[in-house]
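Single-letter residue listing:
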Amino acid sequence: EHLMDGSGETLIKLINRQVDRVALQESARQGGTLAIHVEKVFDEFNSFGRQGNMMRSTATNRERNIGMTIGVQNSSQGRLVYGDLYYSAMTENVI
């Protein structure tokens, strides 16, 4: 219930950061790339509020065999949260 109004934004950031940290540590242990692909799924992505450094994080994770799938109701919501240019660049990078 707290995610829909954006009040869970900090919690989502902490969870995402922890998932990234564990995955990146494991990829380092395996020589830089995970042997088995890992996919992070963010449904209702825009309701989480703005997540910082998404393009850089996605690029770093992709190099290590970690993907990200985002679910959105429509692109207008993404542009509202991230701005037109950033959202366009991010989704073109992610998709």
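Fair warning: this is a prediction, and the values are worked out from it, not measured in the lab. (Residues numbered from 1 in each chain as written. Predicted model: local features only at pLDDT ≥ 70, side-chain atom pairs only at ≥ 80, totals over all residues. Heavy atoms only, no water.)

**So, a nonpolar patch on the surface**
Taken together, the side chains of Leu-11, Ile-15 and Val-19 present a nonpolar region at the surface, about 260 Å² in accessible area. On the secondary structure map, Leu-11 appears in helix H1 (residues 9-29). The exposure class assigned to Leu-11 is exposed, which follows from its relative accessible area of 52%. (Patch = residues over 30% accessible without salt bridge, like charges linked within 9 Å, V, L, I, M, F, W, Y side chains within 5 Å. Areas by Shrake-Rupley, 256 points an atom, 1.4 Å probe, with all protein chains shown as cover. Salt bridge = Lys/Arg side-chain N within 4 Å of Asp/Glu carboxyl O. Helix = DSSP H or I, 4+ residues; strand = E, 2+ residues; numbered from the N terminus. Buried < 20%, exposed > 50% of the residue type's maximum accessible area, 1.4 Å probe, protein only.)

**Thoughts on helix H2 (residues 54-63)**
Note: α-helices contain 3.6 residues per turn, so residues at a spacing of three or four share the same orientation. All buried positions along H2 are accounted for by Met-54, Ser-57, Thr-58 and Asn-61. Taken down its axis, H2 places every buried residue within 100° of arc, on the same side. Looking at H2, the residues exposed on the side facing more than 90 degrees away from the buried face are Arg-56 and Glu-63. Looking one or two residues beyond H2, the residue adopting positive phi is Asn-65, at roughly 70°. (Arc of directions from axis to C-beta.)

**Quick word on the layout of surface pockets**
Its boundaries defined by the atoms lining it, the largest pocket holds a volume of some 280 Å³. Elements supplying a minimum of two residues to the lining of the largest pocket: H1 and H2. Looking at the lining of the largest pocket, the element that brings in the most residues is H1, giving five residues. Among the residues forming the lining of the largest pocket, the class breakdown is two nonpolar, seven polar and three charged. (1 Å grid on protein atoms, 1.4 Å probe; cavity = no way out; pocket = protein on both sides within 12 Å on 5 of 7 lines; lining within 4 Å. Points joined across faces, edges and corners; volume = space filled by probe spheres on them. Nonpolar A, V, L, I, M, F, W, Y, C, P; charged D, E, K, R; others polar.)

**A closer look at the confidence of the model for the chain**
Per-residue confidence for the chain gives a mean pLDDT of 82, with 88% of residues at or over 70. Confidence, expressed as mean pLDDT per element, reaches its minimum in the chain at helix H4 (residues 84-94) with 79 and its maximum at strand E1 (residues 38-42) with 89. (pLDDT = per-residue confidence, 0-100.)

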